[in-house]
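An overview of the molecular structure
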Amino acid sequence: MRIKALVLTMFIALAAIGYAGVSYAQQRVTLIIDAEVSDYLNNLAAPLLRAAELNPENVNVHLIQDNTINAFVNSQQDIYVNTGLILKAETENEVVGVLAHEIGHMKGHHILRIMNASDQVALPTILAGLAGIGVAAAGAPDAGVAVMAGSQAAGIAHLLKFSRSQEQQADQIGVNLLDATDTSSQGLKDFFSRLRTNELMYYKTPPAYLMTHPRSSDRESFLDRAQTKPHTVTKEEAARFARIQAKVAALTASTGQVRRLYMEEDSGPADYVRSIAFAMQGKYSEALQFLDKAEDKLSDDAKPYVEELRGQIALDMGKVSDARDYFEKALDMKPSSMLLRFHYARALTHTGEYDKSITQFNRVIRQRPTWWLPHYNQGLAYGKAGKKGLSHLAFAESNLYRNNAKDGLFHISIAQKYLNEDTKENGTDNTLSLQKAAQVQLELEKLNN
Ligand SMILES: [Zn+2]
């Protein structure tokens, strides 16, 4: 038995310019929904986004469960970072450097291109294959639960890339953003040069990041010329990064691998890893023992996430009110964390406190209006509370933000039917909800065309 609510399989749309104009590819990826890692990545990105005059509230950094080294952007709202990148980075500053480069693509409004001529031929075949998987996954919408991770998750992202001049521009903007936030660009430089060295020495095929970011003497000399102060790793930074790497390892590696990696170590992160590994095997009492040990050694900024893990474990054991209390405690310690609030809201649905749950989902939605998942879960809460019209309205919105116009319009028509019935039969004033439904309908129709 695995910890539920940690991973989520979904499709992300990648727009690519091909020989037949713009085409949309869907790549299936498994996202890890983890408040700690997500808060961490979003915190790293926030100052860079502000320097790029992008609002951090409108951008999400997502963690993809994939141990190859890669990171990419596919829209103005989403940055994707592979677990492999975090595991292979040597310092936090390297992760920051890669984020700065990716935000450079966002600021430059770059559009992905198909990598080479032979791939252009292959693309329609790949798209056809992926469409089939899309149908299968649509029948398994229990958001927040691991659906499956399979070999078909073959990365079409590997076939798409930005142009050489856009890569250079992203480096330039990235370095500017690092300068503007008084951050060393040493990490960006180190990361690239280590990948290149490793490629020559160890890899049969280069890591995904190098395939989409091929070596070019222009880029190398640009990064070499970029004046930067050396990066000094503080004790806090090192501890924080060790903890995040440990967590990512625990969430992605096999239990055996995790045990080997941290076998000798007597540290907070090592106990944290053991705890997560046991929890993922369903060995909850061992998990909780190691979590107690870890908590004594970890720094204070880890405390909310220790409670988060307790909440996850309680949820898996079916102790829903305990889970709710742990998530509430975690959120009290870190009220700005959108994902902790999301977990809390879901737990409130489990305990049957629907009004509270709906209120909390509203707050999550205010933080990230265009993220589909809270809309979907709010729809479930409305449904359980017997509010059918609002439930379908929330499902319609979740489909809007998943770019699924057809299902969205289906839910909108049901929402309008129930809202009108409710007004007629119970005299409820649904004016505002109907206005919102009309607005969502308009946007879905726009998407449909
Ligand atoms: Zn790039």
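Notes on the structure follow. Just so we're clear, the structure is a prediction, and the values are computed from it rather than from any experiment.

**Things to note about the side chain of S185**
Tracing the chain through its elements places S185 in the loop between α5 (164-180) and α6 (186-201). Contact partners of S185, with chain neighbours within four places excluded, come to V175, L178 and T228.

**Brief notes about empty space enclosed by the protein**
Per the counting criterion, the structure on display carries four cavities of 30 Å³ or more. Volume-wise, the largest cavity comes out at about 130 Å³. In terms of lining, the largest cavity is formed by 14 residues, of which the most central are I32, S38, V61, H62 and L339. Elements with a contribution of two residues or more to the lining of the largest cavity: β2 (21-32), α1 (35-51), β3 (60-64) and α15 (338-350). The greatest single-element share of the lining of the largest cavity, amounting to four residues, is contributed by β3. Grouping the constituent residues of the lining of the largest cavity by class yields ten nonpolar, three polar and one charged.

**Focus on the pattern of salt bridges**
All chains considered together, the criterion is met by 19 salt bridges. Note that D271 and K297 form a salt bridge whose closest N and O atoms lie 2.5 Å from each other. Taken together, the residues span a long stretch of sequence, with D271 in helix α11 (residues 268-280) and K297 in helix α12 (residues 284-297) at a distance of 26 residues. Of the charged contacts, one joins K356 and E353 as a salt bridge, the two residues approaching to 3.6 Å between their closest N and O atoms.

**A closer look at unusual backbone geometry**
Backbone geometry at D182 places phi at a positive 55 degrees, although glycine is not the residue there. Residue position: D182 is located in the loop between α5 and α6. Given a relative accessible area of 58%, D182 falls into the exposed group.

**Observations concerning the nonpolar core**
Of all hydrophobic cores here, the largest spans 95 residues; its most connected members are L41, I79, L99, I103 and Y272. Residues within four places of I103 in sequence aside, it is in contact with A45, L48, L49, A52, L54, I79 and L177. L393, A396, I412 and V440 belong to the second-largest nonpolar core, a separate cluster that totals nine residues.

Here is what the cut-offs are and how they apply
Residues numbered from 1 in each chain as written. Predicted model: local features only at pLDDT ≥ 70, side-chain atom pairs only at ≥ 80, totals over all residues. Heavy atoms only, no water. Helix = DSSP H or I, 4+ residues; strand = E, 2+ residues; numbered from the N terminus. Contact = heavy atoms within 4.5 Å. 1 Å grid on protein atoms, 1.4 Å probe; cavity = no way out; pocket = protein on both sides within 12 Å on 5 of 7 lines; lining within 4 Å. Points joined across faces, edges and corners; volume = space filled by probe spheres on them. Nonpolar A, V, L, I, M, F, W, Y, C, P; charged D, E, K, R; others polar. Salt bridge = Lys/Arg side-chain N within 4 Å of Asp/Glu carboxyl O. Buried < 20%, exposed > 50% of the residue type's maximum accessible area, 1.4 Å probe, protein only. Core = buried A, V, L, I, M, F, W, Y, C linked by side-chain atoms within 4.5 Å.

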